[in-house]
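Summary of the model geometry
Chain by chain, the residues:
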Amino acid sequence: GQQLNQSPQSMFIQEGEDVSMNCTSSSIFNTWLWYKQDPGEGPVLLIALYKAGELTSNGRLTAQFGITRKDSFLNISASIPSDVGIYFCAGPSDNFNKFYFGSGTKLNVKP
Amino acid sequence: NAGVMQNPRHLVRRRGQEARLRCSPMKGHSHVYWYRQLPEEGLKFMVYLQKENIIDESGMPKERFSAEFPKEGPSILRIQQVVRGDSAAYFCASSPPSKLAGRRDTQYFGPGTRLTVL
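The following refers to the structure shown. As the structure is a computational prediction, the values presented were derived from the model and not from experiment. (Residues numbered from 1 in each chain as written. Chains lettered and ligands numbered in written order. Predicted model: local features only at pLDDT ≥ 70, side-chain atom pairs only at ≥ 80, totals over all residues. Heavy atoms only, no water.)

Some details on the overall build of chain A
Within chain A, the regular secondary structure consists of 0 helices and 11 strands. For chain A, the sequential pattern of α-helices and β-strands runs β-β-β-β-β-β-β-β-β-β-β. Whereas a compact globule of 111 residues would reach a radius of gyration of roughly 13 Å, chain A reaches 13 Å, a difference of no more than 12%. Based on the C-alpha atoms only, the size of chain A along its principal axes is roughly 40 × 30 × 20 Å. The burial tally for chain A puts 46% of its 111 residues in the buried class. Residue pairs in contact within chain A that sit at least 24 positions apart in sequence constitute 52% of those at least 6 positions apart. Counting only carbon and sulfur atoms, one obtains 51% of the accessible surface of chain A, whose full area is about 5200 Å². Charged side chains in chain A number 8 positive and 9 negative. The centres of these two groups are separated by 7 Å. (Helix = DSSP H or I, 4+ residues; strand = E, 2+ residues; numbered from the N terminus. Rg over C-alpha atoms; globule rule 2.2 N^0.38 Å. Buried < 20%, exposed > 50% of the residue type's maximum accessible area, 1.4 Å probe, protein only. Contact = heavy atoms within 4.5 Å. Areas by Shrake-Rupley, 256 points an atom, 1.4 Å probe, with all protein chains shown as cover. Lys, Arg positive; Asp, Glu negative; His and termini not counted. Charge placed at Lys NZ, Arg CZ, Asp CG, Glu CD.)

The structure is reproduced here in structure tokens:
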């Protein structure tokens, strides 16, 4: 199956700092998805990207679909304590019959 | 508008017992996906179902695991003769029916069932 590698694995930052994380794939994806998972809950979709080079924002979150279609980036500006959680990238197979998830970036924010 | 519901939230079984996990998709959704998540790992796709049909079960172990999504009622993931390695969080996600494959990226996840095998 497709491999999605996320980095960094974890981050410890101060409230107010900006955060960057990325996701790379061994193969091309035509859609990139970013999710956040809080402890004990299911993932929640943050941003969906559909075109190579696309830059999409959702509040303080901005994500980009890499030109090669093998990577994607998520930035969080002015982090706040409720940003704590695990962020996953994901991509579907071409027929959307299955979705591949990265191993996650765990974000810790110190107030 | 109720979200995706999963029950039970926590399930404890002894080795050799059966585990039945239920997923009620959002109202009007006819696509269900099941995933398994081990601690500190991402979600691993198991199976994709539409009403009364298994569309893709390539992520599901060939033995002991089965899934269904009947015409009426919730989707069920069934694990027979559980072993310790089956301990994990199991999530289902639903998405609305659409002829446009692109709409199926809008998956809504349930809160998960945490299975512990003693």
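Quick notes on the pairing of strand β9 (residues 88-95) of chain B
All names here are of chain B. Counting buried residues along β9, 8 of its 8 residues qualify, which places the element largely inside the surrounding structure. Burial of β9 is two-sided: the residues Ala-88, Tyr-90, Cys-92 and Ser-94 facing one way and the residues Ala-89, Phe-91, Ala-93 and Ser-95 facing the other way are all buried. Pairing of strand β4 (residues 31-37) with β9 involves 7 bridges; the strand directions are antiparallel. Its bridge partner being in β9, Gln-37 is matched across the sheet by Ala-89. Alignment of β9 against strand β11 (residues 113-117), held across 3 bridges, turns out to be antiparallel. (Pairing = 2+ DSSP bridges.)

Concerning the pairing of strand β1 (residues 4-7) of chain A
All names here are of chain A. Burial along β1 is one-sided: Leu-4 and Gln-6 are buried, and none of Asn-5 and Ser-7, which face the opposite way, are. Across 4 bridges, the pairing between β1 and strand β3 (residues 19-25) is antiparallel. The residue of β3 that forms the bridge with Leu-4 is Ser-25.

A few points about the interface of chain B and chain A
In this assembly, 23 residues from chain B lie in contact with 20 residues from chain A. Approximately 1700 Å² of surface area, both sides summed, lies buried where chain B meets chain A, with 53% of it carried by carbon and sulfur atoms. Across the chain B-chain A interface, the total number found is 1 salt bridge. Salt-bridge contacts for Asp-56 of chain B lead to Lys-98 of chain A; the nearest nitrogen and oxygen are separated by 3.9 Å. The interface formed by chain B and chain A holds 4 residue pairs in polar contact (both at pLDDT 80 or more) in total. Counting only elements with at least two residues in the side of chain B that touches chain A, the list comes to β4, β5 (43-50) and β6 (53-56) of chain B. In terms of residue class, the side of chain B that touches chain A is built from 10 nonpolar, 6 polar and 7 charged. (Buried area = accessible area lost by both parts, 1.4 Å probe. Salt bridge = Lys/Arg side-chain N within 4 Å of Asp/Glu carboxyl O. Polar contact = N/O pair within 3.5 Å; in protein donor to acceptor, adjacent residues only side chain to side chain. Nonpolar A, V, L, I, M, F, W, Y, C, P; charged D, E, K, R; others polar.)

Re the pattern of salt bridges
Side-chain pairs of opposite charge can arise where the charged atoms are in close proximity. All names here are of chain B. Considering all chains together, one arrives at 6 salt bridges over all chains under this definition. A salt bridge links Glu-18 to Arg-78, with the shortest nitrogen-to-oxygen separation between them at 3.0 Å. With a gap of 60 residues between them, Glu-18 in the loop between β2 (10-13) and β3 (19-24) and Arg-78 in strand β8 (residues 75-79) connect regions that are remote in the sequence. With a relative accessible area of 27%, Arg-78 lands in the partly exposed category. Notably, a salt bridge pairs Arg-64 with Asp-86, separated by 2.7 Å at the nearest N-O pair. With Arg-64 in the loop between β6 and β7 (65-68) and Asp-86 in the loop between β8 and β9, the pair connects residues that are 22 residues apart, well separated along the chain. Each of Glu-18, Arg-20 and Arg-78 takes part in one network of salt bridges that share partners.

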